Amino acid sequence: MPPTAAEEAEKGDRPAAAFRTDEFRTGRSQIVGPDTPESPFPIALAGQVQKGFGRGGKDLGCPTANLPDESITPISSVAKTGVYYGYAQVIPLEDNTDLRQEDIQVLPMVMSLGWNPFYKNKCLTAEIHVMHDFKTDFYGFEMRALVLGYIRPELDYTSREALIEDIEVDKRVALNCLERPRYQAYANDPHFSLRSRLVVL
Ligand code: ADP
Ligand code: MG
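Note that the structure is a prediction, hence the values are computed from the model and not measured.

Peer 1: Kindly report on the overall build of the protein, identifying the contributing residues and their values.
Peer 2: Helices and strands together make up the secondary structure of the protein, namely five helices and eight strands. Each helix and strand of the protein, ordered N terminal to C terminal, gives the series α-β-α-β-β-α-β-β-β-β-β-α-α. Counting only C-alpha atoms, the protein reaches 50 × 40 × 30 Å along its principal axes. Relative to its 201 residues, the protein shows a buried fraction of 43%. Roughly 11000 Å² of accessible area belongs to the protein as shown, and the carbon and sulfur atoms make up 52% of that amount. Where the 22 positive side-chain charges of the protein centre and where its 29 negative ones centre are 1 Å apart.

Rendered as C-alpha cells:
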C-alpha cells in the first residue's frame, strides 16, 4: 500500500512528483478502475469554497474550487495524492444568489489532491474542477463532493501544454468513468442537498 497523503505529510521530506513523460500520455486509458466503486470510495467531502492563490486555474481553462484544510481529512487520511473523479454540488448559503438552477445541480468533477507550492509543498490542498460552465464565481459557497475513484498520480510538468493536455484527458476519463451505472447512482446520494449546513454569520 502506498502511503496516504496524510502519512506523507507527516514525514516532511517527501519524494518529488514524477515527471510527466510522453509514454505516460500516449499510454493513458480512456476509462479507469472497477465497474463498482470500491473501498475507500465513496469519500464524502464538504466545505466552504476558499480563495486560492490564483495559480493559473482559470488561465489553464480549468478553474478549481479550493476546499478548506480541515475538510480534506476524509480523503487525505485514506488516500494518496493524485487526481480523482466524482460528483460535486455548489450550495448557496442564502436564497439570493447569482447562481442559476443548472449551477446547483449535482455535476461531474475532477479533483486534485496535492501539495501546495505556496507553502513550499508542505500543505495539502484539495481542488475541485466542476465540469460545468458557471457564469459567475462561487467563493464562500458550500461545496459538497463524493469522490468515487482515482485517475492518476500527481506529476511535475515541464511545459504548460503538456499539463493542459493531461487535464483535458482527465476530464474525458472522468466522464467515461461516471457513465457506469454504479457510479451514476451516486449523483442521487443523500450527501447532496439543496440546503447548506453552513451558518451565515
Ligand atoms: P483560485 O486560486 O482562487 O482557486 P481559480 O482560477 O482556481 O482561482 O478559480 C477558482 C474559482 O472559480 C472557484 O472558487 C469558483 O468560484 C470559480 N469557478 C468558476 N467555474 C468553475 C468550475 N467549473 N469549477 C470550479 N470552480 C469554478
Ligand atoms: Mg483554484
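Peer 1: Give me the lowdown on the pattern of salt bridges, citing residues and values where you can.
Peer 2: The full count for this structure, using the stated rule, is nine salt bridges. Residue lysine 58 pairs with aspartate 137 through a salt bridge whose shortest N-O separation is 3.2 Å. Separated by 79 residues along the polypeptide, lysine 58 in the loop between strand E2 (43-48) and strand E3 (65-66) and aspartate 137 in the loop between strand E6 (123-130) and strand E7 (142-152) bring together distant segments of the chain. Aspartate 170 is the salt-bridge partner of arginine 152, the closest N and O atoms lying 2.7 Å from each other. Here aspartate 170 lies in helix H4 (residues 160-178) and arginine 152 lies in strand E7, a separation of 18 residues in the sequence.

Peer 1: Before we move on, could you go through the coordination of the magnesium ion (ligand 2) and cite the residues and values that matter?
Peer 2: Here the magnesium ion (ligand 2) is held by Thr64 (O), Thr64 (OG1) and Asn66 (OD1), and the distances to it run 2.2 to 2.4 Å. Using a relative accessible area of 11% as the deciding quantity, one classes asparagine 66 as buried.

Peer 1: I'd like a description of the site of ligand 1, backed by residues and values.
Peer 2: Around ligand 1 sit 19 residues, and of these Gly52, Gly54, Val130, Phe138 and Tyr139 come closest. In the environment of ligand 1, an oxygen atom lies 2.9 Å from a nitrogen or oxygen atom belonging to the side chain of asparagine 66. Contact with the protein chains hides 94% of the accessible area of ligand 1, taken as 560 Å² for the molecule alone. Elements supplying a minimum of two residues to the shell around ligand 1: E3 and E6. Per-element accounting of the shell around ligand 1 gives the leading share, three residues, to E6.

Peer 1: Break down the confidence of the model for the protein for me, citing the residues and quoting the values.
Peer 2: Confidence along the protein averages 90 in pLDDT terms, with 94% of residues attaining 70 or more. Looking across the protein, the model is least confident in helix H2 (residues 22-26), with a mean pLDDT of 77, and most confident in helix H5 (residues 181-184), with 98.

Peer 1: Explain the nonpolar core to me, using residue names and the numbers behind them.
Peer 2: Grouped together as the largest cluster of nonpolar side chains are 30 residues, with contacts concentrated most on Ile75, Met111, Leu113, Ile128, Phe138, Met143 and Val147. If one sorts the elements of this core by residue count, strand E5 (residues 107-116) sits on top with five residues. Residue contacts for phenylalanine 138: discarding those within four places in its chain leaves Val49, Ala65, Val90, Leu99 and Met143. By size, the runner-up hydrophobic cluster in this structure holds 16 residues, among which are Val83, Val110, Tyr183 and Phe192.

Peer 1: Which residues make up the environment of glutamate 142, and what values go with them?
Peer 2: As for its placement among the helices and strands, glutamate 142 is situated in strand E7. The spacing of glutamate 142 and glutamate 94 is 48 residues in sequence and 11 Å in space, taken between C-alpha atoms. When sequence neighbours within four positions are dropped, the list of residues in contact with glutamate 142 reads Ala46, Gly47, Gln48, Gln89, Val90, Ile91, Leu93, Ser196, Arg197 and Leu198. Within the local environment of glutamate 142, its side chain forms a polar contact with the side chain of arginine 144, the two groups lying 2.8 Å apart.

So, how was this worked out
- Residues numbered from 1 in each chain as written.
- Chains lettered and ligands numbered in written order.
- Predicted model: local features only at pLDDT ≥ 70, side-chain atom pairs only at ≥ 80, totals over all residues.
- Heavy atoms only, no water.
- Helix = DSSP H or I, 4+ residues; strand = E, 2+ residues; numbered from the N terminus.
- Buried < 20%, exposed > 50% of the residue type's maximum accessible area, 1.4 Å probe, protein only.
- Areas by Shrake-Rupley, 256 points an atom, 1.4 Å probe, with all protein chains shown as cover.
- Lys, Arg positive; Asp, Glu negative; His and termini not counted.
- Charge placed at Lys NZ, Arg CZ, Asp CG, Glu CD.
- Salt bridge = Lys/Arg side-chain N within 4 Å of Asp/Glu carboxyl O.
- Donors = N, O, S within 2.8 Å, 3.2 Å for Na, K, Ca; no water.
- Near = heavy atom within 4 Å.
- Polar contact = N/O pair within 3.5 Å; in protein donor to acceptor, adjacent residues only side chain to side chain.
- pLDDT = per-residue confidence, 0-100.
- Core = buried A, V, L, I, M, F, W, Y, C linked by side-chain atoms within 4.5 Å.
- Contact = heavy atoms within 4.5 Å.

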